[in-house]
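# Residue-level structural notes
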Amino acid sequence: MTAVEARERDAEPGGPGAPGAAGAGGAAGRRVLTLAESPGLGGLYARAGLASGRAAVGGPVRRVLGGVPGIPGGPDAESPRTAPALPPVEHRLGGVVPDPARLTAYQHLVGEPATDVLPAGFVHVLAFPVGIALIVRPDFPMPPLGIVHLANRVEQRSPLRVGDTLDIRSWAEDLRPHRKGAQVELVAEVRRAGAAADEPPAWRGVSTYLAPGVRVPGPEPEDGARPEFVAPVPTGRWAFDAGAGRRYAAVSGDANPIHLHPLTARALGFPRAIAHGMLTAARALAAVGARRGEAYDWDVEFASPVLLPSTPVVRVAATGNAAWSVTAWDAKRRKPHLTAEVRGRG
């Protein structure tokens, strides 16, 4: 992590935000790496490209995660292969102060109202680099580029506002087989600076990622085929032009080349640039609007990428008391892009 690394130590049991404390959600024994500043995503993606290139040189040997992380074994290795493990590391970043101008630009882009309350998607933007810095570690058992965002679950337990100083922590957990490869969860928690150690985080997000073609030991899940998609009655349409990925990258910092230009997207296997999953998820959250209140749960499942430019059809519908569903799909191909649920916490 070069200049952003400050210190690394064992997580102190019961300490502020430490594993084992209330709401920690992680196993004890993770080493804590305190970051001096938010990692720049441009530099992280450059490192990811180098790491993925090294993985490609190794071919199938590196795709069988059968050795000690960072020292992969091959399928013909004579000694028994040790099950792969996630690095027992937790990243922390303190003293984060949201930038009002950046918040305003984000709100304008995704359709949120201009208030001092941080939308849950903007909090994700602040926490995202802390988690992505885990994936580009040399001991992370997945290739950094080419992973697919499957789902996101967010608990916005209390509102965060402009002027709040935030502490962020992130770690990886639950590496397991997927029918198309291997999946892992990146967990992030955000607290107000000075919050009590036993106080639940104001915001908690779990992002699920798939590494296609990567194998990890364990029983493969049953091949549960998705039910056939039946398009509901639309209530609207979103419009994403060819520059949507670049504009979201400008406000979020997420300059993954797959979102920026057709040429870089084709190099990664797509015919055109694709919209950021969290841009479409943020549009879904904004479509529910102020009805969700200031505390809510927000779950998203991604089904297929939104190629740019594109005009997905959308349905927003109430599903119960203080609960809404949002579905976005390609009307021509009759394929879903995402489904989201937003549930107010009262």
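So, how was this worked out
- Residues numbered from 1 in each chain as written.
- Predicted model: local features only at pLDDT ≥ 70, side-chain atom pairs only at ≥ 80, totals over all residues.
- Heavy atoms only, no water.
- Helix = DSSP H or I, 4+ residues; strand = E, 2+ residues; numbered from the N terminus.
- Buried < 20%, exposed > 50% of the residue type's maximum accessible area, 1.4 Å probe, protein only.
- Contact = heavy atoms within 4.5 Å.
- Areas by Shrake-Rupley, 256 points an atom, 1.4 Å probe, with all protein chains shown as cover.
- Axes fitted to C-alpha atoms, helices over the stretch in contact; angles between N-to-C directions.
- Parallel < 35°, antiparallel > 145°, perpendicular 65-115°, else oblique.
- Left-handed = near helix turned anticlockwise from the far one by under 90°.
- Core = buried A, V, L, I, M, F, W, Y, C linked by side-chain atoms within 4.5 Å.
- Phe/Tyr/Trp six-rings, centres within 6.5 Å; stacked < 30°, edge-to-face > 60°.
- Lys NZ or Arg CZ within 6 Å of the ring centre and 35° of its normal.
- Arc of directions from axis to C-beta.
- Polar contact = N/O pair within 3.5 Å; in protein donor to acceptor, adjacent residues only side chain to side chain.
- Salt bridge = Lys/Arg side-chain N within 4 Å of Asp/Glu carboxyl O.
- pLDDT = per-residue confidence, 0-100.

## Description of the overall build of the protein chain
Across its full length, the protein chain carries seven helices and twelve strands. Within the protein chain, the fraction of its 346 residues that count as buried is 48%. In the protein chain, of all internal contacts separated by at least 6 residues, the share reaching a separation of at least 24 is 72%. Of the roughly 15800 Å² of accessible surface on the protein chain, a fraction of 56% belongs to carbon and sulfur atoms.

## Here's the deal with the packing of helix α3 (residues 100-110) against helix α5 (residues 244-252)
Viewed as axis vectors pointing N to C, α3 and α5 meet at an angle of 150°, and their least axial separation amounts to 9 Å. What the angle tells us is that α3 and α5 run roughly antiparallel. In this structure, α3 meets α5 at a crossing whose hand is left-handed. Where α3 abuts α5, its residues R102, A105, Y106 and L109 lie against R247, Y248, V251 and S252.

## Structural notes on the nonpolar core
If you look at the biggest cluster of nonpolar residues, it comprises 67 residues, and the most contacted ones within it are Y106, L118, L160, V190, W203 and W298. Ignoring anything within four residues of it in the chain, the contact list for W203 reads A120, V123, H124, A127, V154, E155, Q156, L160, A188, E189 and V190.

## Some thoughts on the packing of aromatic side chains
As enumerated under the stated definition, the model contains three aromatic pairs in all. Look at F229 and W329: their rings are 6.0 Å apart centre to centre, the planes differ by 55°, and that puts the pair in the tilted class. Of this pair, F229 sits in the loop between β7 (203-212) and β8 (236-237) while W329 is found in strand β11 (residues 323-330), placing the two residues 100 residues apart along the sequence. When the ring of W238 is compared with that of F240, the centres are 6.2 Å apart and the planes differ by 75°; the resulting orientation is edge-to-face. Here W238 and F240 have matching classes, each one buried. For the cation-ring pair, R30 lies above W171, with the distance from its terminal atom to the ring centre recorded as 4.3 Å.

## Quick notes on α3
Residue pairs spaced three or four apart in an α-helix point in one direction, given the helix's 3.6 residues per turn. Within the span of α3, buried status applies to L103, Y106, Q107 and V110. Projected down its long axis, α3 carries its buried residues within an arc of 100°, all on one side. Among the exposed residues of α3, those pointing more than 90 degrees away from its buried face are A101 and H108. Looking at the packing, one finds that the buried side of α3 touches α4 (120-135), α5 and α7 (277-288). The opening residue of α3 is D99, an N-cap whose side-chain oxygen sits 3.2 Å from the backbone nitrogen of A101. Backbone geometry just after α3 places G111 at a positive phi near 95°.

## Digging into the environment of I135
Within the element layout of this structure, I135 appears in helix α4. Residue I135 is classed as buried on the basis of its relative accessible area, which comes to 4%. Counting along the chain gives 37 residues from I135 to A172, while the straight-line C-alpha distance between them is 8.6 Å.

## Examining the side chain of D139
Positionally, D139 belongs in the loop between α4 and β4 (148-156). For D139, a relative accessible area of 18% corresponds to the buried category. Here the side chain of D139 touches R137 through a polar contact of 3.0 Å, side chain to side chain.

## Some remarks on the pattern of salt bridges
Counted according to the given criterion, the structure contains 20 salt bridges. A salt bridge links R169 to E90; its shortest N-O distance comes to 2.9 Å. Of this pair, R169 sits in strand β5 (residues 166-178) while E90 sits in strand β3 (residues 89-96), and the two are 79 residues apart along the sequence. When salt bridges that share partners are traced, they join R30, E90, R92, R169, E189, R191 and R204 into one network.

## With respect to the confidence of the model for the protein chain
Caution applies to low-pLDDT regions: their predicted coordinates should not be interpreted in detail. Of all residues in the protein chain, 79% have pLDDT values of 70 or greater, and the mean over the chain is 82. A low-confidence stretch, residues 1-27 (pLDDT under 50), is modelled with 76 contacts involving residues beyond four sequence positions or located in other chains. For the stretch residues 50-83, pLDDT sits under 50, and the model shows 39 contacts to residues farther than four places along the chain or on other chains.

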